[in-house]
Amino acid sequence: MKVISIGAYKGSTNSYKAQFELLIGLRKQGVDITVMANFSDEILKCFKDANVPVIHDFPETKVDLEYVKRVKKVISENNFDIIHLFNGKVTRNVILATKELNVKVIAYMGSVSLHWHDPSAYFTYLSSRNDKIICNSNYVYNHVRKQLFGKRKQKAVRIFKGYDSGWFKNVIPFNYSSLGIDKNAIVVCMAANYLKVKGVEFFIESSYHIKSAKEIHYVMLGKDCDNPKILKLVNNSPIKNNIHLLGHRTDVISLIKGADIYAQTSLKEGFGRAISEAMCVGKPIIMTNAGGCTELIDKNSGIVVPVKDSRAIGEAISKLAANETLRKQMGIAAKERIETVYNIKKTIEETKELYNTLMLN
């Protein structure tokens, strides 16, 4: 069995950690796998250190006919049996390249942005050329099945996006005293770029409803989180001097690890990379009922509140801020769920099993 995984890895290590660790893990399990993509230097080193063969190539446009030719040539000359796709632009082009090739195609879906009434979807994830669509949560799985009709529903497969707490074992917790925050204060952290779907406004507005004897600080990480709309909400907050908009950071895991609580106030979430990372470093989670992310935690590891409910978010933060024992217990339980339910080892095993099943068909 020869597999080629085609995707995009031109970014930070943390952004793609679960994805490339899956591919490296499959290689260690004896899968003859090659990775074709664009790469950052960091991620390229990870693949090379694990002796994973790589091919440097990525489409320049949504439909790059020269790239299509190159992909077709690579697949044909190397006799690959399975293609595992991880990127929308790549998927569109590879679908074109494999029309006449005897190869199995697997596409990865991590969101609920796929819709049967969108004509463009039939050139990517809803193409009949896909043999399987891996969905990273039950929420995404159920959504994708609704977009498929008849026997095609069987193409959807649920394989959780696994993590490993050991990845972040050596990350040093951020020292928040460098921001002038007292060591006894409670730090609540949220990481999200400013997009409507991330509900950043509701995180900031929850500070209006804090009731705690403890000093509480909000730390917001992500691109454009200091835009005028957010700044206005901050200025109206009764704890405006305790809200820190740090913008885009490369030390996100360190900042989360140094905090006391992790919050995610999204309106919709396929699964939740930052939530998984926070669980890996043993943080109690407060999240909105935004979809697949709620599968990550249970009542022992976090608190789920209604979407767009700033008051409920503030009350949940106040509850955890007032109870150190509960915070620690939930953090321990969150880490245990990563190690037992959403571990990368399970993802590797189930992906390999899917490969074997496809080879038999």
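Up top is the structure these notes are about.
Residues numbered from 1 in each chain as written. Predicted model: local features only at pLDDT ≥ 70, side-chain atom pairs only at ≥ 80, totals over all residues. Heavy atoms only, no water.

Novice: Looking at this model, I keep getting lost on the pattern of salt bridges. Mind explaining?
Specialist: Two side chains of opposite charge can pair, provided their charged atoms sit close to one another. Going through the model one piece at a time under the given rule, you end up with 13 salt bridges. The shortest N-O distance in the salt bridge between Asp131 and Arg129 comes to 3.7 Å. On the basis of relative accessible area, Asp131 is assigned to the partly exposed category, the value being 23%. The exposure class of Arg129 is buried, given its relative accessible area of 16%. The residue Arg273 makes a salt bridge to Glu277 at a minimum N-O spacing of 3.4 Å. Within this pair, Arg273 and its partner Glu277 are both found in helix 9 (residues 273-280), separated by four residues, close to a single helical turn. According to the relative accessible area criterion, Arg273 is partly exposed, its value standing at 35%. Residue Glu277 is classed as buried on the basis of its relative accessible area of 1%. (Salt bridge = Lys/Arg side-chain N within 4 Å of Asp/Glu carboxyl O. Buried < 20%, exposed > 50% of the residue type's maximum accessible area, 1.4 Å probe, protein only. Helix = DSSP H or I, 4+ residues; strand = E, 2+ residues; numbered from the N terminus.)

Novice: Can you help me understand the nonpolar core in this one?
Specialist: Considering soluble globular proteins, one finds that nonpolar side chains tend to be buried as a cluster. Counting 66 residues, the largest nonpolar core has Tyr9, Phe47, Tyr176 and Tyr262 as the members making the most contacts within it. Sorting elements by how many residues they give to this core places helix 1 (residues 13-28) first, with six residues. Here Phe47 is in contact with Tyr9, Phe20, Leu23, Ile24, Val35, Phe39, Val52 and Val54, once residues within four sequence places are set aside. Residues Met190, Ile243, Ile313 and Leu320 belong to the second largest nonpolar core, which totals 31 residues. (Core = buried A, V, L, I, M, F, W, Y, C linked by side-chain atoms within 4.5 Å. Contact = heavy atoms within 4.5 Å.)

Novice: Even after reading the chapter, I still don't get the pairing of strand 12 (residues 285-288), so can you show me in this structure?
Specialist: As a general feature of sheets, a regular strand has side chains that alternate between the two faces. Where burial is concerned, the two faces of strand 12 agree: the one with Ile285 and Met287 and the one with Ile286 and Thr288 are both buried. Two elements, strand 11 (residues 261-264) and strand 12, share three bridges in a ladder whose sense is parallel. Across the sheet, residue Tyr262 finds its bridge partner in strand 12, namely Ile285. Here strand 12 runs beside strand 13 (residues 302-305); their pairing, made up of four bridges, is parallel. (Pairing = 2+ DSSP bridges.)

Novice: Just checking my understanding: could you explain the packing of helix 10 (residues 310-321) against helix 11 (residues 324-340) for this structure?
Specialist: Angle between the axes and distance between the axes: these two values describe a pair of packed helices. Packing of helix 10 against helix 11 leaves a shortest axis separation of 6 Å and a crossing angle of 100°. Overall, the two elements helix 10 and helix 11 adopt an arrangement that is roughly perpendicular. For the pair helix 10 and helix 11, contact is made by Lys319, Leu320 and Ala321 and by Glu324, Leu326, Arg327 and Met330, respectively. Of the residues belonging to the contact of helix 10 with helix 11, the class tally is four nonpolar, no polar and three charged. (Axes fitted to C-alpha atoms, helices over the stretch in contact; angles between N-to-C directions. Parallel < 35°, antiparallel > 145°, perpendicular 65-115°, else oblique. Nonpolar A, V, L, I, M, F, W, Y, C, P; charged D, E, K, R; others polar.)

Novice: Help me out: how do you make sense of the pairing of strand 2 (residues 32-37) in this one?
Specialist: When you tally the buried positions in strand 2, you get five out of six residues, the bulk of the element. Taken together, strand 1 (residues 2-6), helix 1 and strand 2 form a β-α-β motif whose crossover is right-handed. For the crossover from strand 2 across helix 2 (residues 41-49) to strand 3 (residues 54-56), the handedness is right-handed. (Right-handed = clockwise from strand over helix to strand, strands pointing away.)

Novice: Help me understand the sheet that holds strand 7 (residues 156-158), please; the structure alone is not making it clear to me.
Specialist: Each strand in a sheet pairs with its neighbour through backbone hydrogen bonds, running either in the same direction (parallel) or in the opposite one (antiparallel). On the basis of which strands lie adjacent, the open sheet formed by seven strands has the order 3-2-1-4-5-6-7 and parallel pairing. Either end of the sheet is taken by a strand with one partner, and the two such strands are strand 3 and strand 7. The sheet shows a mean angle of 25° between the axes of neighbouring strands, taken without regard to direction. For strand 4 (residues 82-85) and strand 5 (residues 104-109), the ladder comprises four bridges, and the chain directions are parallel. The partner of Ile82 across the bridge, within strand 5, is Lys104. The strands touched by helix 1 are strand 1 and strand 2; relative to strand 2, the strand with the most contacts, the crossing angle is about 155°. Contacts from helix 12 (residues 344-360) reach strand 1, strand 2, strand 4, strand 5, strand 6 (132-135) and strand 7 within the one sheet, and its direction differs from that of strand 4 by about 140°.

Novice: Mind showing me how you'd approach the environment of Ser128 here?
Specialist: Of note, Ser128 is situated in the loop between strand 5 and strand 6. Taking the C-alpha atoms as reference points, Ser128 and Asp57, separated by 71 residues in sequence, lie 25 Å from one another. In this structure, Ser128 is in contact with Arg152 and Lys155, ignoring residues within four places of it in sequence.

Novice: What is the right way to look at the packing of helix 1 against helix 2 in this model?
Specialist: The contact between helix 1 and helix 2 brings their axes to 11 Å, and the two run at 15°. Judged by the angle between their axes, helix 1 and helix 2 are roughly parallel. Helix 1 and helix 2 meet at a crossing whose hand is right-handed. Residues Thr13, Tyr16, Phe20, Leu23 and Ile24 of helix 1 form the contact with helix 2, whose participating residues are Glu42, Ile43, Cys46 and Phe47. Of the residues in the contact of helix 1 with helix 2, the class split is seven nonpolar, one polar and one charged. (Left-handed = near helix turned anticlockwise from the far one by under 90°.)

Keep in mind that these numbers describe shape and distance, not what the molecule does.
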